[in-house]
Amino acid sequence: MDIQDLAGRIQNGERRALARAITLVESGRSDHRAQAGELLEALKPAGRQALRIGLSGTPGVGKSTFIEAFGMHLIAQGLRVAVLAVDPSSARSGGSILGDKTRMESLSRERNAFIRPSPSQAQMGGVARRTREAVALCEAAGFDVVLIETVGVGQSETVVAEMSDLFLLLIAPAGGDELQGVKRGIMEIADLILVNKADGALKDTATRTCADYAGALRLLRKRPQDPEGFPKALTVSAVTEDGLEKAWGEMQALSDWRRENGHWDRRRADQARHWFEEEVRLRLLAALDKPAARAALSSLGQDVAGGQMSPSHAAEQMLDLLGTSQAG
Ligand code: GDP
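Undergrad: Explain the overall build of the chain here, please?
TA: In terms of helices and strands, the chain carries 14 helices and seven strands. Expressed as a percentage of the 328 residues in the chain, the buried residues total 47%. The contacts in the chain between residues at least 6 apart in sequence include a share of 75% that link residues at least 24 apart. Surface summary for the chain: the accessible area is close to 16,000 Å², and the carbon and sulfur share equals 51%.

The following block contains the structure:
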C-alpha cells in the first residue's frame, strides 16, 4: 500500500480513502499497525483541527435521532460532519448497539457526512486507540465537526471525553425529581446536558427535568475551563429540531471562549499526554501477551508459588526479560 498516496487522497477529502485508512487503524496486524503509524505521521504536518464533540446517553434517549438532525443542521450551514462510535457492548458481546449505519439514514446519504460504526474489538483499550486515530484521520480529511458517540455505560464516556473538545450528555425527560441515576462522574465531565424529547406530551416534563439538572450543575465545583454559566442544561427535540440551533450556539460560544483563553490548546495537550501514557500501557500489556513472556510468567509464577522466589524478585526478572527493568 502506498501510504503517501493514501495520505494525499485523505487530505483531498476522499471518503473511500478515509474509510480505508480507518480500516487500517482498526487492524491488529503488526504490519498494519506500522502502516497506520506511518500514515498518521504523514498527515500530522497539515495540522487541521475539527471541533470534536463527544456525545453520550443511555439506549433509547435519542442519540441517533439527535445526531441525524444535528448533523443535517450543521451540513445545512456548509459544514462537513463525521460521526464515529465507541460501543462498549461490542467489546463484551461482539454485537453492536451503536453505530449501525441505517440509524442515520439522511445523514448517511450526505456528501458532506461520513459515518463510521464502531468496530467489534476485544477490549476497550483497542477501541479507544482506534477511535482516537480515526478522529485524527477525519481531521486530516478536513471535517469541521467530528461527533463521537457512545452509550452511557461503563468507562466509555470517560474515554470519549478524553478525546473530545466538548462533551454532551443526552438525557430523557423523567417525572419526579429523580436525576435518573446519572452518576456524578459523568455530570462532572459534561459541558452541556441536553434534555431530549422536549416536544408534545413530554415537553413540560422535559422543562422540569432540565431545571433539575441545571440546579444540580450549579452545585458542582466550578471548573477552570468554563466561562460563567457553564456547564449548562438545555431542552432540545431531535424530532421537531427545537433547540438545536441554540445548542449549537452554546457549543460555539464555549469552544470560542476556550480557544481565546488558552484552555483549548491546554486540553488537547493534556489529552495527547494522556494517550501517550495509555499507549505505553497498552504496549506493555501486549508485550506481556507474547508467547515467550507468557511462558516466563508461568514459570516464574511457579517459583513464586513454590516459595523459591519472592514476588518482587520474580517481577524484576520478568521486567528484565521484557527489557523494561526499572531502577528503584
Ligand atoms: P438511541 O438509542 O439513543 O440512539 O435512540 P434513538 O435515536 O434510536 O431514539 C429512540 C426512540 O426515541 C425512537 O423511537 C425515536 O423516535 C425517539 N426519539 C428520539 N428523539 C426524540 C425526540 O426528540 N422526541 C420524541 N418525541 N421522540 C424522540
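Moving on, there is more to tell.
Undergrad: What exactly am I supposed to notice about the layout of surface pockets here?
TA: One simple way to see leftover space: roll a probe sized like a water molecule over the atoms. Taken as a whole, the largest pocket spans an internal volume of roughly 890 Å³. Taken together, 29 residues make up the lining of the largest pocket; nearest its centre are Leu-40, Lys-44, Arg-52, Arg-132 and Ala-136. When contributions to the lining of the largest pocket are tallied by element, the ones reaching two or more residues are α3 (30-43), α7 (124-140) and α12 (263-288). In terms of residues, the lining of the largest pocket owes the most to one element, α12, which gives nine residues. A per-class count over the lining of the largest pocket returns twelve nonpolar, four polar and 13 charged. Counting contributing residues, the lining of the largest pocket receives three or more from each of domain 1 (1-46) and domain 2 (48-260). Here the second largest pocket defines a volume of roughly 370 Å³. Forming the boundary of the second largest pocket are 15 residues, of which Ala-161, Gln-225, Arg-267, Asp-270 and Gln-271 lie nearest the centre. Residue assignment for the lining of the second largest pocket shows that the elements contributing at least two residues are α8 (156-161), α9 (184-189) and α12.

Undergrad: Explain the nonpolar core here, please?
TA: For soluble globular proteins, the rule of thumb is that nonpolar side chains tend to be buried together. Ile-10, Leu-39, Leu-137, Val-146 and Ile-193 are the most contacted members of the largest nonpolar core, which totals 51 residues. Looking at which element gives the most residues to this core, the answer is α7, with seven residues. In this view, Ile-10 contacts Ala-17, Leu-18, Ala-21, Leu-39, Leu-43, Leu-137, Ala-140 and Ala-141; residues no more than four positions away in its chain are not counted. Counting 34 residues, the second largest nonpolar core, distinct from the first, contains Phe-66, Ala-69, Ile-115 and Leu-166.

Undergrad: I would appreciate a short explanation of the site of the ligand in the present structure.
TA: The immediate surroundings of the ligand are formed by 15 residues, with Gly-60, Lys-63, Thr-65, Arg-103 and Asp-199 found nearest. Measuring from an oxygen atom of the ligand, one finds a backbone N or O atom of Gly-60 at 2.8 Å. Separating an oxygen atom of the ligand from a side-chain N or O atom of Lys-197 is a distance of 3.0 Å. For the ligand, whose free accessible area comes to 580 Å², the fraction covered by protein is 68%. A per-class count over the shell around the ligand returns four nonpolar, seven polar and four charged.

Analysis parameters
Residues numbered from 1 in each chain as written. Predicted model: local features only at pLDDT ≥ 70, side-chain atom pairs only at ≥ 80, totals over all residues. Heavy atoms only, no water. Helix = DSSP H or I, 4+ residues; strand = E, 2+ residues; numbered from the N terminus. Buried < 20%, exposed > 50% of the residue type's maximum accessible area, 1.4 Å probe, protein only. Contact = heavy atoms within 4.5 Å. Areas by Shrake-Rupley, 256 points an atom, 1.4 Å probe, with all protein chains shown as cover. 1 Å grid on protein atoms, 1.4 Å probe; cavity = no way out; pocket = protein on both sides within 12 Å on 5 of 7 lines; lining within 4 Å. Points joined across faces, edges and corners; volume = space filled by probe spheres on them. Nonpolar A, V, L, I, M, F, W, Y, C, P; charged D, E, K, R; others polar. Domains from an automatic or database assignment. Core = buried A, V, L, I, M, F, W, Y, C linked by side-chain atoms within 4.5 Å. Near = heavy atom within 4 Å. Polar contact = N/O pair within 3.5 Å; in protein donor to acceptor, adjacent residues only side chain to side chain.

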